[in-house]
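# Examining the three-dimensional arrangement
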Amino acid sequence: MSRLLSTIAILVALASISAQAQPAAESNTEVSPVETSPEIQLPEFDPTAKPEETLEKVKSLWQTRIDVASPQEANLLKVKILGHIVKGSEIILKDTNVDAELALEAIQNKMEALGILAQAGDPNAMPSAIEMAKTISEDPRPLVAREGKLILLSSRLNELQKLDTAGRTAFVKELMDLLNSADLSAREVQIASITADLLEQFGDTGASKTIYKNLAEQAKKSDSPEMRSRASEFEGVARRLELPGNEIKIAGKNLAGADYDIKNHRGKVVLIQYWASWCGYCLEEMPHIKQMYNTYHADGFEVVGVNLDDSADRAIAIIDDMKLPWQNLFSRDAEQLGMENPNATRYGINSIPQCILVDRDGKVVTLNARGDELTRELEKLLLESVTAEGQPTKETPAQDAKPQ
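Everything quoted here is computed from the prediction, not taken from an experiment.

To continue, consider the pairing of strand 6 (residues 354–358). Here strand 6 lies mainly inside the structure; 5 of its 5 residues are buried. Across 5 bridges, the pairing between strand 3 (residues 269–275) and strand 6 is antiparallel. Across the sheet, the residue bridging to Val270 is Val358, located in strand 6. In this structure, strand 6 lies alongside strand 7 (residues 364–366), joined through 2 bridges in antiparallel fashion. By the bridge assignment for strand 7, Leu357 is matched with Thr366. Connecting strand 6 to the next strand, strand 7, in antiparallel fashion are 5 residues, including Gly362 with a positive phi near 85°.

A word on a negative patch on the surface. On the surface, Asp46, Glu52, Glu53, Asp99 and Glu101 cluster together into a patch of negative charge. Topologically, Asp46 is positioned in the loop between helix 1 (2–13) and helix 2 (51–61).

Right, let's talk about the layout of surface pockets for a bit. Approximately 550 Å³ is the volume attributed to the largest pocket. Forming the boundary of the largest pocket are 22 residues, of which Asp197, Glu200, Arg240, Ser351 and Gln354 lie nearest the centre. No other element matches helix 8 (residues 186–201), which puts 5 residues into the lining of the largest pocket. One number sums up the size of the second largest pocket: a volume of about 350 Å³. As for the second largest pocket, its lining consists of 13 residues, and the residues nearest its centre are Glu101, Leu104, Glu147, Ser185 and Glu188. Elements supplying a minimum of two residues to the lining of the second largest pocket: helix 4 (100–119), helix 6 (142–154) and helix 8. No other element matches the 4 residues that helix 4 contributes to the lining of the second largest pocket. Split into classes, the residues belonging to the lining of the second largest pocket amount to 4 nonpolar, 2 polar and 7 charged.

Let's shift gears to the state of the cysteines. The full count for this structure, using the stated rule, is 1 disulfide. One disulfide in the model links Cys279 with Cys282; its S-S distance is 2.3 Å. On the sign convention where negative is left-handed, the bridge of Cys279 and Cys282, at about 80° about the S-S bond, is right-handed. Cys355 takes part in no disulfide bond, and the closest cysteine sulfur, belonging to Cys282, lies 7.4 Å away.

Along strand 3, 7 of the 7 residues are buried, which leaves the element largely enclosed by surrounding structure. Note that strand 3 and strand 4 (residues 301–307) share 7 bridges and pair parallel. Considered in strand 4, the bridge of Val270 is made with Glu302. Handedness of the crossover joining strand 3 and strand 4 through helix 12 (residues 280–296): right-handed.

Calculation rules
- Residues numbered from 1 in each chain as written.
- Predicted model: local features only at pLDDT ≥ 70, side-chain atom pairs only at ≥ 80, totals over all residues.
- Heavy atoms only, no water.
- Buried < 20%, exposed > 50% of the residue type's maximum accessible area, 1.4 Å probe, protein only.
- Helix = DSSP H or I, 4+ residues; strand = E, 2+ residues; numbered from the N terminus.
- Pairing = 2+ DSSP bridges.
- Patch = residues over 30% accessible without salt bridge, like charges linked within 9 Å, V, L, I, M, F, W, Y side chains within 5 Å.
- Areas by Shrake-Rupley, 256 points an atom, 1.4 Å probe, with all protein chains shown as cover.
- Salt bridge = Lys/Arg side-chain N within 4 Å of Asp/Glu carboxyl O.
- Lys, Arg positive; Asp, Glu negative; His and termini not counted.
- Charge placed at Lys NZ, Arg CZ, Asp CG, Glu CD.
- 1 Å grid on protein atoms, 1.4 Å probe; cavity = no way out; pocket = protein on both sides within 12 Å on 5 of 7 lines; lining within 4 Å.
- Points joined across faces, edges and corners; volume = space filled by probe spheres on them.
- Nonpolar A, V, L, I, M, F, W, Y, C, P; charged D, E, K, R; others polar.
- Disulfide = S-S within 2.5 Å.
- Right-handed = clockwise from strand over helix to strand, strands pointing away.

Structure (structure tokens):
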């Protein structure tokens, strides 16, 4: 886990590595042990030039074409180009009178370059990024200082697991204060989302929910139409995090066109599986779910899939191939296909698989009913119930649940 967290911290702290952020076609840049570097003509930086001109040169370096014989030579040239991007960005950042927005672009370019170098094994990249973040966190320009503080905060993500409740609360407050101090950007949303997801993994759903509720409020006030449109997504995630111990709303038409409402399965234990044919992890989960279904169906266990494909034919092909006996909901509305399915957007489902387990009273038990977790919960909910009462709890009449 610590290795995973360290990787996440580096990726976030050194900014998102965008599609532009590889000077050559290959993406596996590695710091090479070869001492002799091939030659490449790179633009010179004039310290007296306008910062806008320097920034354009920096940005153009991402498009540098590398044409050499070996991957080893290509990697050496990539390292040289990335170092030049860092150099040009630093020239801009030395002038504290530069416009804040332009300085932020320079920071982004430097951090992207350092991010690639860090992943390639450069031992100086991460310390260089942190040192820069410390410097700019004290910058007189509020937006620049905020950026430095966000980088420093995100570099501490690997500490979250070790913090107690008070420590996590303080961490979340610090993050929220920074996010609330200016309009949200996509990268800041990424930092907040990763923080919230980690907190959820550590069992602190309350802190995670706080972050998403805050993101929703900030998104609503954003100057960006794109960011404002994401407010409902953040509200959905917060709504999902509130589900444990509460009822879930799942309704719609299954692939056969029949109406379905989870209320009609009251009295049964129900697994809701969000899946799609393109999701490898979802398909890997199917045999285990099918095994649990065959084992516990007679005791009152049901499964309902929420398929998030764009095409019903793809879903049906998987269902037929894997011989899945339970029904699957699918939206045929052109505006509600795929991840836009209302059963997904209602709860901010933006990644799958997502498996939610509901007890006989219609209350959500867990949001992560996969693998051994599903097995354990079913043993508690079904075997204990049968042992205690001699037979499954009486259920209300349910609709005919055809496989599709």
